[in-house]
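# Close look at the chain arrangement
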Amino acid sequence: MDSSTNSLDDASADGIAKFADRASMMEGRLQAQEDEITLLKSSLSDALRKIHLHDQLLPLLKQQLIAVNPNAAGVLNQVCCTDGCSGRTTLSSSSAVDGIRSPATSQLSDSIVTNANGHIENPVSLTPRSRPTTQDRSTQTEIALPGQDTGQKKVPLPRRVQSLQLEDALAPGKPLVEGTRAMLHRVSGWEEEYEEEQEKGGGEQEKEQSWMSSVEEIIQPTTIKCLQREDYQDRSCSPEELGSPSTSVRTSDSNLSSRSGHLSPIQEGEKKLLVRRNSEKLVNAEKQRKRLDKKAASSANLLSRSPSLDTRAKELVSSAGSPGSRRGTYSQEQSIKMFIRGRPITMYIPSNIQNYEDLKMEPPSERLELDWVYGYRGRDCRANLYFLPSGEVVFFIACVVVLYHINNRTQRHYDKHTDCVRCLTLHPDKVRMASGQTAGVDKDGKPLHPCVHIWDSTTLVTLQQIGLGAFQRGVGCVAFSFADFGTFLCVIDDSNEHMLSVWDCNKGTRHADVKNTNEAVFCVEFNSSDSTNIITCGKSHVYFWTLIAGQFTKKQGIFGKYKKPKFIQCFVFSLTGDVLTGDSEGNILTWGKSAADVKTLGKGAKETFQIMRQTRAHEGSVFTLCTLQGGTVLSGGGKDRKIIRWSADLAPERECEIPENYGAVRTIADVDGEELLVGTTRNAILRGTFSDGFVAIVQGHMDEMWGLATHPSQNIFITCGHDKQVCLWNTEEHKLDWCITVEEYGLCADFCPNGSVVSVGLSTGRWMVLDLLTREVVSESTDGNEQLSVMRYSPDGSFLAVGSHDNFIYIYNVTESGRRYTRFGKCNGHSSFITHLDWSKDGKYIMSNSGDYEILYWDVAAGCKLLRNRFESKDREWASYTCVLGFHVMGVWLEGSDGTDINALCRSHSERMVAVADDFCKVHLFQYPCPKLKAPSHKYEGHGSHVTNVCFTHSDSHLLSMGGKDTCIIQWRVIRGGAGDSSERLASASPSSPEPATS
């Protein structure tokens, strides 16, 4: 009975929780709809109020027209009749507008007709023709006019009319009356659309335009100046198309002049018309007046209750932009709207910015300098570890070749490559190096050219750039010739045929090339005693090449009675000149020349390269071979992780096994005959001897990384990624403090403000809290079943916010110094997965971004309540700034961004700069704040994949950035500048400030 009661209670609790969530969602949608209705009503009331003003001014217009020419009264009477006024002489707003476009007499002789797209066509004469009446907008015609002669033919209405010509109201040949000047002003922006609910007779959409008249100076007989409407967003009707130059004319009313647009003169003899942008249906004027008066009364009451709605309505109109563009439009009501992939994002300008348009965007005074590179690329590259006489070991990761001094523990960097480095070789002089890179693509997706750099390891100066534009996809293998002291360089690219080419190192010219094979190629080397002989190996092949007079000849190694391995992984030359290869079967094969087998190959057969001896070496593949002085050979195994020392005649002498957590042996470099350097498949470099064992001097992640966080008071940071490893690094000693393995991918992390624990979010919705000293899990929980994207502690450490891909933000109370967590609430309102979030400085509010480019604000103290009026959060101060969407970081977005181009950003603790990680392998440094589009920045290269995260250390002395697929962590040193802080930058805005420069 108790169990059934408990199950019912659980079901009831679940039902109540689901009902509460649904009720909250419905309440949010209802509130949003009410806000939209309120804004529309306020916009409507504003337009109706202005229409009422023009109704009072239209009689004055009539008087001015009659003052110019008394004969105009007849024209005006017929205009009123066209709208159903039956001979009235009083002009209403609707009758005047409709009358302007109604062809009453032959005095309105010409018009400018627009096509369906609003473009101007050739003028046509209003010759009376009979045409059936229709209410269709595209074929609208004149209805029968009461009081007119029934024999009179109906005159077709032009679809859109641009201007009313005052000359047409004058008697033929009669000069203008001096002393007065009548002008018809079109007030731009007063054209609104109104929509009434469907009634029994059906609803009708109506549009109104307002006109204002004023009396100015004397009208010259030769020129009449009329107002041209300037439409800055749609240039379908320009002054040039109307045939008149665009010359500005000042009006006597400054308000009208500021709101109306440019005035252009009409030359004598020309006839110009005011073109309506939108055609209208003919409606009864009295019925329309009563309906609009009723709406105006109700909207006036609405505005009296909420005075701010008028301003909010203007914001919507003034900040509108075209869908699909990433641009910002400025509103006088202090808001900015930008568009990403057609979605509008409104950002409210803080109160401390008075002159937004005058803000000057400059690059920050601070700069970045490459300080340290964490990681090594051993998982998929070979022969990429060399020891120099200077005491430095040379290796590469991402786009950087690292020179690490193993005793001084310092790094230098060759950073001239534009994409990932794939191969490396050392010149016989032990100073020059050659490194090849992949092709890569630019930000537009266009392929870039791969090449080989020859550079000096002492000065880090590039000596030669080989093969720019000659290689396809990338450079897979490089090797210097030894017999002639490095005169030639052999290169194999990553094309389908794996082209083999030989280059003159001094001239940078190609000496010869040939198609190699369609199979994978792992290694290439010159014969150590003959530069005309080259050997390549790879999948199921060993090729012996001879280069004579620029022509290659190829001989394939014959396996004969021995089993042909799937892969030939590596090879070296013995002291006797024989070739030793290591294969995927774990064998070392000794190759040599033999006389041609005439019995098998027939007469004329030439000498061949055959296996002379097979030596069993390792369990699994032989990944690397290395020769020492005296002919000793070292081999490195894959599956058994062993390093074996062989005598010159391949008798085993010594062996050792490297720890399992470092992976298999990828490559070996000799230091002094005893000490060795070992590169492993788990991206580590080990140093040691057979006697003392090996310790790691370089370590790194093995797969894509996303989680990054810096300690609030110490020079340490934590990382996690798809390799299921959580690593703690020291930025001062440049080493890995500890590393643990978890069950799922780690995607996000954050330190508790007290610095004793760190929380890590995983890919399954589970998150854990680790003690930094003991590395033990002190707490864990699960929220949903989707991956977690962000973990963020409040500034005082009393709350933890967990952002998930299930669209929710989970809030936890934190007690016992970060070791106890209890659910406080859940933020429900995003329509897509959470990407970033930040706490306010008082720890009461959260700002969050989502995958559909939403910016939402939450009142956590009030029970995780969604703040629907985002305007109220414009002046709130944030403890951190990692949200990629927000007013203060709007300028970091490049023109044409699709919303996923920026993966992460981080504001410095001094609030002077913001670092950005983008999808194009770049790290950007902007000044903070940067609220204007196209803000300039400093750009830095080094990563070979999309940059997934960036973070400043607690003292802002360094910036950390991590790549995705390149598994590289780069530590940048911040070089201080002399600019003022962010508040000084905002206060320095003045009307004389120039526009921002582009980066």
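Residues numbered from 1 in each chain as written. Predicted model: local features only at pLDDT ≥ 70, side-chain atom pairs only at ≥ 80, totals over all residues. Heavy atoms only, no water.

## Let's talk about the overall build of the protein
Helix and strand counts for the protein stand at nine helices and 63 strands. Counting all 999 residues of the protein, 54% fall into the buried class. Contacts in the protein between residues at least 24 apart in sequence constitute 52% of all its contacts with a sequence separation of at least 6. (Helix = DSSP H or I, 4+ residues; strand = E, 2+ residues; numbered from the N terminus. Buried < 20%, exposed > 50% of the residue type's maximum accessible area, 1.4 Å probe, protein only. Contact = heavy atoms within 4.5 Å.)

## A short note on the sheet that holds strand β54 (residues 845-850)
The strands making up a sheet associate through backbone hydrogen bonding, with each pair oriented either parallel or antiparallel. The four strands are arranged β53-β54-β55-β56 in an open sheet whose pairing can be described as antiparallel. Of all the strands in the sheet, the pair left with one neighbour each is β53 (834-839) and β56 (865-866). (Pairing = 2+ DSSP bridges.)

## A look at unusual backbone geometry
Omega for the peptide link from Y928 to P929 comes to -5°, which places this bond in the cis form. Residue placement: P929 occurs in the loop between β59 (923-927) and β60 (938-940). Phi at S540 is positive, roughly 60°, even though this residue is not glycine. Phi at R775 takes a positive value of approximately 65°, unusual for a residue other than glycine. When its relative accessible area of 40% is taken as the criterion, R775 is described as partly exposed.

## A word on the pairing of strand β51 (residues 808-815)
Counting buried positions over the eight residues of β51 gives six, a clear majority of the element. Sheet topology places strand β50 (residues 799-804) next to β51; five bridges connect them, and they run antiparallel. When the sheet's bridge partners are listed, V802 is paired in β51 with Y810. Between the antiparallel neighbours β50 and β51 lie three residues, among them N807 with a positive phi of about 80°. Sheet topology places β51 next to strand β52 (residues 820-828); eight bridges connect them, and they run antiparallel. Looking across to β52, one finds that N813 is bridged to T822. The loop that links β51 with its antiparallel partner β52 comprises four residues; one of these, E816, has a positive phi angle of about 55°.

## Structural notes on the confidence of the model for the protein
Overall, the prediction assigns the protein a mean pLDDT of 76, with 68% of residues at 70 or greater. Across the protein, the element-wise mean pLDDT spans from 33 in strand β8 (residues 263-266) up to 98 in strand β15 (residues 400-405). Across residues 1-13 the pLDDT falls below 50, and counting only partners more than four positions away or on other chains, this stretch makes zero contacts in the model. Contacts for the low-pLDDT stretch residues 295-327, under 50 throughout, to residues beyond four places or in other chains number 72 contacts. (pLDDT = per-residue confidence, 0-100.)

## Observations regarding the nonpolar core
If you look at the biggest cluster of nonpolar residues, it comprises 46 residues, and the most contacted ones within it are L368, F395, Y404, F952, L959 and W972. Broken down by element, the residue count for this core peaks at five residues, all from strand β12 (residues 367-374). Leave out the neighbours within four places in its chain, and W972 touches L368, E369, L370, D371, V923, Y940, E941, S957, H958, L959 and S961. Counting 35 residues, the second largest nonpolar core, distinct from the first, contains M347, L867, C883 and A935. (Core = buried A, V, L, I, M, F, W, Y, C linked by side-chain atoms within 4.5 Å.)

## Describing the sheet that holds β51
The four strands lie next to each other as β49-β50-β51-β52, forming an open sheet whose pairing is antiparallel. Edge positions in the sheet fall to β49 (788-793) and β52, since each has one partner strand and no second. Sheet twist, expressed as the average angle between the axes of neighbouring strands with direction ignored, equals 20°. (Axes fitted to C-alpha atoms, helices over the stretch in contact; angles between N-to-C directions.)

## What to know about the pattern of salt bridges
When their charged atoms lie close together, side chains carrying opposite charge are able to pair. For the coordinates displayed, the defined rule picks out 33 salt bridges. For K539, the salt bridge is made with E519, and the minimal N-O distance between the two is 3.9 Å. Of this pair, K539 sits in the loop between β26 (530-538) and β27 (541-548) while E519 sits in the loop between β24 (509-514) and β25 (521-527); the two residues are 20 residues apart in sequence, bridging distant segments of the chain. For E519, a relative accessible area of 36% translates into the label partly exposed. When the shortest N-O distance is used, the salt bridge between R766 and E744 registers 3.2 Å. Of this pair, R766 sits in strand β47 (residues 766-771) while E744 sits in the loop between β44 (735-741) and β45 (746-751); the two residues are 22 residues apart in sequence, bridging distant segments of the chain. Among the residues examined, E744 registers a relative accessible area of 15% and is labelled buried. Residues participating in the shared-partner salt-bridge network are E743, E744, R766 and E780. (Salt bridge = Lys/Arg side-chain N within 4 Å of Asp/Glu carboxyl O.)

## Things to note about the environment of H511
Topologically, H511 is positioned in strand β24. Spatially, the C-alpha atom of H511 lies 9.9 Å from that of L547, the residues being 36 residues apart in sequence. For H511, the contacting residues outside a window of four places in its chain are F488, V502, W503, L547 and G550.

## Describing the packing of aromatic side chains
In the structure shown here, the tally under the stated rule is 24 aromatic pairs. Seen from their ring centres, F522 and F567 are 5.7 Å apart, and the 35° between their planes marks the pair as tilted. Of this pair, F522 sits in strand β25 while F567 sits in the loop between β28 (551-556) and β29 (568-573), and the two are 45 residues apart along the sequence. Owing to a relative accessible area of 19%, F522 belongs among the buried residues under this scheme. In this structure F567 comes out as partly exposed when scored by relative accessible area, which is 22%. A cation sits over an aromatic face here: R382 above F522, 4.2 Å from the ring centre. In this arrangement the basic side chain of K932 is found over the ring face of Y356, its NZ or CZ atom lying 5.5 Å from the centre. (Phe/Tyr/Trp six-rings, centres within 6.5 Å; stacked < 30°, edge-to-face > 60°. Lys NZ or Arg CZ within 6 Å of the ring centre and 35° of its normal.)

## Some words on the side chain of Q437
Relative to the elements of secondary structure, Q437 occurs in strand β18 (residues 432-437). There is a polar contact of 3.0 Å between the side chain of Q437 and the side chain of T418. When sequence neighbours within four positions are dropped, the list of residues in contact with Q437 reads H417, T418, D419, C420, V421, R422, H449, P450, C451, G474 and V475. (Polar contact = N/O pair within 3.5 Å; in protein donor to acceptor, adjacent residues only side chain to side chain.)

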